[in-house]
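Given next are the chains, with one letter for each unit.
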There are 2 protein chains.
Amino acid sequence: MLYIVGFGPGGYETMTVEAVRALEDSDLIVGYTTYVDLIRPWFPEKEFLATAMKQEKERCLLAIQKEEDGRKVALVCSGDSGIYGMASLVYELAARDEALMKRIRVIPGVTAAASGGALLGAPLSHDFLTVSLSDLLTPLEVIKKRIRCAAQSDTVICIYNPSSRKRGDYLRRACEIALEYLSPDTVCGYVKNIGREGEEAAVLTLEELRDTQVDMFTTVFIGNSHTRNIHGKMVTPRGYRLEEEAAAAQERT
Amino acid sequence: MLYIVGFGPGGYETMTVEAVRALEDSDLIVGYTTYVDLIRPWFPEKEFLATAMKQEKERCLLAIQKEEDGRKVALVCSGDSGIYGMASLVYELAARDEALMKRIRVIPGVTAAASGGALLGAPLSHDFLTVSLSDLLTPLEVIKKRIRCAAQSDTVICIYNPSSRKRGDYLRRACEIALEYLSPDTVCGYVKNIGREGEEAAVLTLEELRDTQVDMFTTVFIGNSHTRNIHGKMVTPRGYRLEEEAAAAQERT
C-alpha cells in the first residue's frame, strides 16, 4: 500500500483523522526534509526517509520502490496531496504497472487556499483561480495568461509559490497584470508560514501588495471587485446579486 | 466563541483533528438539516439546531444570536467553511460589532476539489479555476465569462453546484463553452456523494460529460490539454515543461 498523504498546513491538529490513521498504519514515511522534520515528533516510532528539495521525482520513485519491496509506505505532502502535491507524479510513474496503480491511495488534506483563507477571513467564498507562479516546469507565458484571464473575469486569485530567490519580482509582475483590470484599492491578503512558527497574516490593497516582498512559504490572495476589508478581515461575498439588490434598494431610499 | 467548522466531505475520518476538537468544545452545533443529521451520531451528547436549505442567512443569524446569548457555538459547513461556505456571510453579518468579529474562528476543512480529486486521481495538480454554476446569487453571464476565460487559458476547471432542478442543463452549457476551446477528448471526471453513501466516481471525455446528467451533490472536473486518463485515473501533470521536453526528445529519435 502506498498512501499519498496531504497533512495540511503543518500542525498535527490540522491533519485529518484519516491522515493520522494512514501515517500510523505505515511503516515508512517518505518526504521532503522540512516536512519529515515537522512530522517526526508526532510519530516517533516510525521510520523516516527524507529527500532534498527539487528531488520530487526521486522521492516518488523511492516511495514506489519501497512499496514494491513489500512495505506500507506513506509519501507526505504539505497541504493537499493532489493540489500542487505529489499524487499526479506518483500516478505518472506508476502508469507502467496497473496493479501498482491500484495499491495507491490518495488522502486529501487542507490546502493552503483553505487554511490561509481561514486566517485572513473568507476570501474564497466565491469562484477563484488557484495559480502557481513557479515557472520551473510551466512556461511563464501560460502563467501570465491565466492571471490575466482571471482578472478580466473578476475572479479571486489564490497564488501558490509567489516567490523564490530567482523569481523575486514575480508577485510584482502578477499584481501589475491584475492592476490592468482591477482597482488599486482591491482588497488583498497574504499568509506566511500557515500553522507553523512565524505565522503571519496581512490584509492590504492590491497596490500595497505589488510593493510587498514575500517568500516561497507565503500564500497570496487577490480579491475581486466585491471583496471587502471588514475590521481587518478579507471577505468575498458568496453571491453578488444580494449585494446589488441591497445597493439598488439603498439608492431608492 | 463562534466556530465556523468545515467538516470535509462527510465522514468522521475526513474531518481534521481541529474540527473534531472544536465540535467537542461547543455546546451547540448549528447547521443545514442534512449535515446536522450526518454529524449527530459522532457527537451524541451535543445540542443541535437545524435550519432548512436556502436559509443560509437565518442559519448564520441564529448561530450569532446563540453566541451572543453566551453559548459556545459551532456552525458547520460541508467541505471547507470558507470555500462556498458560511464564513463570509457570518463576517458580513458580524461587521456591525468588532468585538463579535474577534470571537469568530474559521476552522478550514477538506473542500470537494481536494476530496473529489483524490477519488478521481490527481486532476488538480496544477492551476485550476473553482466555479459554482449556481446563479441564484450570481448573474449567469459572470459565471459563463469565468468558464470561457479558464478554457481559453487551458486551466483545469472544478465545478461546484453543477446542477439543480431548475438548472438541469447548466453543466451541458458549461461543457459547450469549454468545447469551443478544448478537444472533445479532453479528460474529465465527476464524483457524486463524496465520502458518503452512494459515492460514485467516473472518468470520461468532455464530449461524454456534456451529455451526462449530474445532481447537485456532484463535483465536476474538466481537465486541460495536458490531463491524461491513466488506467481510469484522471491525472493532470504538475508542470508542462518536462512533458514538452519528453515529446521533443521523442521527436528527435
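The residue numbering used here restarts from 1 in each chain and proceeds along that chain's sequence as written. Chain letters start at A and ligand numbers start at 1, both assigned in the order the entries are written. Note on the predicted model: pLDDT of at least 70 is required for a residue's local features to be given, and 80 or more for side-chain atom pairs to be given and counted; whole-chain, interface and lining totals, by contrast, use all residues. Note that the side-chain values use all heavy atoms of the structure and ignore hydrogens as well as water.

- Per an unreviewed UniProt entry, chain A goes by the name Precorrin-3B C(17)-methyltransferase and belongs to Eisenbergiella massiliensis.
- According to UniProt, the comment filed for chain A under the heading Pathway (unreviewed entry) is "Cofactor biosynthesis; adenosylcobalamin biosynthesis." UniProt positions are given in the numbering used here, feature names are shortened, and annotations may be inferred rather than shown by experiment.

### Quick notes on helix 4 (residues 87–94) of chain A
Right, so step 1: Residue burial is assigned from relative accessible area. The probe radius is 1.4 Å, only protein chains are included, and a residue is buried under 20% of its type maximum, exposed over 50%, and partly exposed in between. Runs of E in the DSSP output that reach at least two residues are strands. Runs of H or I that reach at least four are helices, and both are numbered from the N terminus. Most of helix 4 of chain A is tucked away: 7 of the 8 residues are buried.
Right, so step 2: Residues of helix 4 of chain A that are buried include every one of A:Ala87, A:Ser88, A:Leu89, A:Val90, A:Tyr91, A:Leu93 and A:Ala94, and no others.

### Examining the environment of B:Ile194
All names here are of chain B.
Right, so step 1: Examined against the element boundaries, Ile194 turns out to sit in the loop between strand 9 (187–192) and strand 10 (200–205).
Right, so step 2: Look at Ile194 and you get buried, because its relative accessible area is 9%.
Right, so step 3: Considered as a pair, Ile194 and Ile230 are 36 residues apart in the sequence and their alpha carbons are 21 Å apart.

### Looking at the relation of the copies chain B and chain A
Right, so step 1: Once chain B has been moved 0.0 Å along the axis and rotated by 180°, it coincides with chain A to within an RMSD of 0.0 Å. Both copies of the chain, as the preceding transformation shows, are related through a two-fold rotation axis. Each copy is superposed on the other by least squares, with the fit set by C-alpha atoms of residues at a pLDDT of at least 70 in both.

### Remarks on helix 8 (residues 170–179) of chain A
Right, so step 1: Here helix 8 of chain A has its buried residues at A:Tyr170, A:Leu171, A:Ala174, A:Cys175, A:Ile177 and A:Ala178. The arc enclosing the buried residues of helix 8 of chain A, seen along the axis, measures out at 155°, which places them on a common side. Directions are taken from the helix axis to each C-beta atom, and the arc is the one they span.

### Here we look at the pattern of salt bridges
Right, so step 1: Think of a salt bridge as a Lys or Arg side-chain nitrogen and an Asp or Glu carboxyl oxygen that are within 4 Å of each other. Per the stated rule, a full pass over the model turns up 34 salt bridges over all chains.
Right, so step 2: A salt bridge links A:Lys144 to A:Glu141; the shortest N-O distance between them is 3.6 Å. One end of the pair, A:Lys144, and the other, A:Glu141, are both in helix 7 (residues 140–152), 3 residues apart, so they sit about a helical turn from each other.
Right, so step 3: Since its relative accessible area comes to 28%, A:Lys144 is described here as partly exposed.
Right, so step 4: With a relative accessible area of 54%, A:Glu141 lands in the exposed category.
Right, so step 5: With a closest N to O distance of 3.8 Å, B:Arg71 and B:Asp27 form a salt bridge. In this pair, B:Arg71 is assigned in the loop between helix 3 (56–68) and strand 4 (73–77) and B:Asp27 in the loop between helix 1 (17–25) and strand 2 (28–32), connecting sequence segments 44 residues apart.
Right, so step 6: Exposure remark for B:Asp27: the relative accessible area of 35% places this residue in the partly exposed category.
Right, so step 7: In the salt-bridge network here, residues are joined through shared partners; they are A:Arg172, A:Glu176, A:Arg210 and A:Asp211.

### Some points on the interface of chain B and chain A
By a widespread convention, an interface's size corresponds to the accessible area lost as its parts come together.
Right, so step 1: Should any heavy atoms of two residues lie within 4.5 Å, those residues are considered in contact. With 69 residues of chain B at the interface, the matching set in chain A holds 69 residues.
Right, so step 2: Here the buried area means the combined drop in accessible surface, using a 1.4 Å probe, for two parts upon being joined, counting both sides. At the boundary of chain B with chain A, total buried surface from both sides reaches about 6,100 Å², with 59% on carbon and sulfur atoms.
Right, so step 3: If you look at where chain B meets chain A, you find 6 salt bridges.
Right, so step 4: Residues A:Arg21 and B:Glu13 are paired through a salt bridge, measuring 3.1 Å at the closest nitrogen-oxygen approach.

### Some remarks on the packing of aromatic side chains
Residue and element names in this part refer to chain A.
Right, so step 1: Classification of ring pairs uses Phe, Tyr and Trp, with its six-membered ring standing for Trp, and accepts pairs whose centres are within 6.5 Å; under 30 degrees between planes counts as stacked, over 60 as edge-to-face, and the remaining range as tilted. One pass over the structure, following the stated rule, counts 10 aromatic pairs over all chains.
Right, so step 2: Seen in terms of ring centroids, Tyr12 and Trp42 are 5.6 Å apart; in terms of plane orientation they differ by 80°. Their pairing is edge-to-face. Linking Tyr12 in the loop between strand 1 (2–6) and helix 1 (17–25) with Trp42 in the loop between helix 2 (33–39) and strand 3 (47–51), this pair joins segments that are 30 residues apart in sequence.
Right, so step 3: Residue Tyr12 is classed as partly exposed on the basis of its relative accessible area of 28%.
Right, so step 4: Its relative accessible area of 25% is what places Trp42 among the partly exposed residues.

### Quick notes on the pairing of strand 1 (residues 2–6) of chain B
All names here are of chain B.
Right, so step 1: The element strand 1 is extensively covered by neighbouring structure, given that 5 of its 5 residues are classed as buried.
Right, so step 2: Both faces of strand 1 are covered, namely the face carrying Leu2, Ile4 and Gly6 and the face carrying Tyr3 and Val5.
Right, so step 3: Note on pairing: two strands pair once DSSP finds at least 2 bridges between them. The pairing of strand 1 with strand 4 spans 5 bridges and is parallel. Following the sheet pairing, Tyr3 is matched in strand 4 by Ala74.
Right, so step 4: For strand 1 and strand 5 (residues 104–107), the ladder comprises 4 bridges, and the chain directions are parallel.

### Here we look at the nonpolar core
Right, so step 1: For the purposes of this section, nonpolar cores are sets of buried Ala, Val, Leu, Ile, Met, Phe, Trp, Tyr and Cys residues that join through side-chain atoms within 4.5 Å. Counting residues in each nonpolar core, the largest one holds 34 residues, and the members touching the most others are A:Leu124 and B:Leu124.
Right, so step 2: Contributions of two or more residues to this core are made by helix 6 (112–120), strand 8 (156–160) and strand 9 (187–192) of chain A together with helix 6 (112–120), strand 8 (156–160) and strand 9 of chain B.
Right, so step 3: Sequence-distant contacts of A:Leu124, that is, excluding residues within four places in its chain, are made with A:Ala113, A:Val156, A:Cys158, A:Phe221, B:Gly82, B:Ile83 and B:Tyr84.
Right, so step 4: Among the nonpolar cores identified, the runner-up in size contains 26 residues, and A:Cys60, A:Val73, A:Tyr91 and A:Ala94 belong to it.

### Observations regarding unusual backbone geometry
It is generally the case that most residues other than glycine have a negative phi and that most peptide bonds are trans.
All names here are of chain A.
Right, so step 1: Residues other than glycine seldom take positive phi values, yet Asn193 does so here, at roughly 50°.
Right, so step 2: Notably, His231 is not glycine yet its phi reads approximately 45°, a positive angle.
Right, so step 3: Looking at where His231 falls in the secondary structure, it is placed in the loop between strand 12 (228–230) and strand 13 (233–235).
Right, so step 4: Residue class for His231 comes out partly exposed when judged on its relative accessible area of 40%.

### Remarks on the domain arrangement of chain A
All names here are of chain A.
Right, so step 1: Per the annotation, domain bounds derive from an automatic or database assignment of domains. Segmenting chain A into domains produces domain 1 (2–110) and domain 2 (113–235).
Right, so step 2: Computed from C-alpha atoms alone, the centre-to-centre distance between domain 1 and domain 2 is 28 Å.
Right, so step 3: Counting from both sides, the interface comprises 11 residues of domain 1 and, opposite them, 11 residues of domain 2.
Right, so step 4: Across the domain 1/domain 2 interface, buried area totals approximately 830 Å², and carbon plus sulfur atoms make up 68% of it.

### Some words on the pairing of strand 7 (residues 128–132) of chain A
Right, so step 1: The buried fraction of strand 7 of chain A is high, at 5 of 5 residues.
Right, so step 2: Residue alternation in strand 7 of chain A divides its side chains into two sets, A:Phe128, A:Thr130 and A:Ser132 and A:Leu129 and A:Val131, and both sets are buried.
Right, so step 3: Note: strand 7 of chain A against strand 8 of chain A, 5 bridges, orientation parallel. Bridge assignment links A:Val131 to a residue of strand 8 of chain A, and that residue is A:Ile159.
Right, so step 4: On the question of chirality, the crossover connecting strand 7 of chain A to the parallel strand 8 of chain A by way of helix 7 of chain A is right-handed.
Right, so step 5: As paired elements, strand 7 of chain A and strand 7 (residues 128–132) of chain B share 3 bridges and run antiparallel to each other. Opposite A:Leu129, over in strand 7 of chain B, you have B:Leu129 as the bridge partner. Handedness of a crossover is defined as follows: with both strands directed away from the viewer, a clockwise route from the first strand across the helix to the second makes it right-handed.

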